[in-house]
Amino acid sequence: MSADLLHQHRGEERCRAELRARNLAIFRGENPEKLVITDGKVPSAGNIPVEVIQHGKQYLAAVPEYGPRLEQAWAAGQRKWLALSSGSKLSTATKSGHYIYVDQPDVAVQAIERVTAQAARQAHGE
């Protein structure tokens, strides 16, 4: 691996590690950014386009104490989001863990492009 690629890879790994550490801190009750995490009922979104992207690599699989339960809870949450709109779609980022936008940003960008194109078509009555 060239020095430039190695440097880039290490930078990406540091970024992923930092993101994971921040989220784990929030779940421990550390919330310096004062993020609001609610679990209230979300009303139906009708037929607006929604694309839920699931990760293809098990998230926190190395932590058997709660990794599998977290996977189940995450999948249940995704099913709830899909149920909010009759125009919903589920796709998979096969090479990604939890941070799809970091691991496979192209998958996230393509999903945004599909959803916005579908919304534009609906707005124009197509």
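Anything mentioned here points back to the structure above.
Every chain is numbered on its own, with residues counted from 1 as its sequence reads. Totals for whole chains, interfaces and linings use every residue, but because this is a predicted model, local features are given only for residues with pLDDT of at least 70 and side-chain atom pairs only at 80 or more, for both listing and counting. Side-chain figures throughout are based on the complete set of non-hydrogen atoms in the structure, without hydrogens or water.

Trainee: Give me the overall build of the chain: which residues, what numbers.
Mentor: Counting its regular elements, the chain contains four helices and two strands. Here a strand is any run of E in DSSP of at least two residues, a helix any run of H or I of at least four, and the numbering for each starts at the N terminus. Reading the chain from its N terminus to its C terminus gives the helix and strand order α-β-α-β-α-α. Contact definition: two residues touch when any of their heavy atoms are within 4.5 Å. In the chain, 74% of the contacts between residues at least 6 apart in sequence involve partners at least 24 apart.

Trainee: I'd like a description of helix 2 (residues 67-83), backed by residues and values.
Mentor: Side chains three or four residues apart in an α-helix point the same way, a direct result of the helix having 3.6 residues per turn. Expected helix span is given by 1.5 Å per residue-to-residue step, counting one fewer step than there are residues. A rise of 1.5 Å per residue sets the reference length of helix 2, with its 17 residues, at 24 Å; its end C-alpha atoms lie 25 Å apart and thus fit the reference within 8%. Within helix 2, the full set of buried residues consists of Gly67, Glu71, Gln78 and Leu82. All buried residues of helix 2 lie within an arc of 60° about the axis, which places them on one face of the element. What points out from helix 2, more than 90 degrees from its buried face, is the exposed set Arg69, Gln72, Arg79, Lys80 and Ala83. Where helix 2 is buried, its residues meet strand 1 (50-55) and strand 2 (88-93). Only protein chains enter the accessibility calculation, which uses a 1.4 Å probe; a residue whose area is less than 20% of its type maximum is buried, one above 50% is exposed, and one in between is partly exposed. Summarising the geometry, the arc corresponds to the directions from the helix axis toward the C-beta atoms.

Trainee: Describe in detail the packing of aromatic side chains, supporting the description with residues and values.
Mentor: Ring pairs shown here join Phe, Tyr and Trp side chains whose ring centres sit within 6.5 Å, with only the six-membered ring taken for Trp; geometry is labelled stacked below 30 degrees between planes, edge-to-face above 60, and tilted in between. What the rule picks out here adds up to one aromatic pair. Arranged with centres 6.1 Å apart and planes meeting at 85°, the rings of Tyr99 and Tyr101 form a pair that is edge-to-face. Residue class for Tyr99 comes out buried when judged on its relative accessible area of 2%.

Trainee: Tell me about the pattern of salt bridges, and name the residues and values.
Mentor: Note on definitions: salt bridges are taken to be side-chain nitrogens of Lys or Arg within 4 Å of carboxyl oxygens of Asp or Glu. Tallied over the entire structure, the rule returns one salt bridge. A salt bridge links Arg114 to Glu51, with the nearest nitrogen and oxygen atoms 2.6 Å apart. Separated by 63 residues along the polypeptide, Arg114 in helix 4 (residues 105-123) and Glu51 in strand 1 bring together distant segments of the chain. By relative accessible area, which is 33% here, Arg114 ends up partly exposed.

Trainee: Could you give an account of the nonpolar core, with specific residues and numbers?
Mentor: Among buried residues, those of type Ala, Val, Leu, Ile, Met, Phe, Trp, Tyr and Cys that are joined through side-chain atoms within 4.5 Å constitute a nonpolar core. Counting residues in each nonpolar core, the largest one holds five residues, listed as Ile53, Ala93, Ile100, Val107 and Ala111. If we ignore the near neighbours within four places in the chain, the residues touching Ala111 are Glu51 and Ile53.

Remember that the coordinates give geometry; whether it matters functionally is a separate question.
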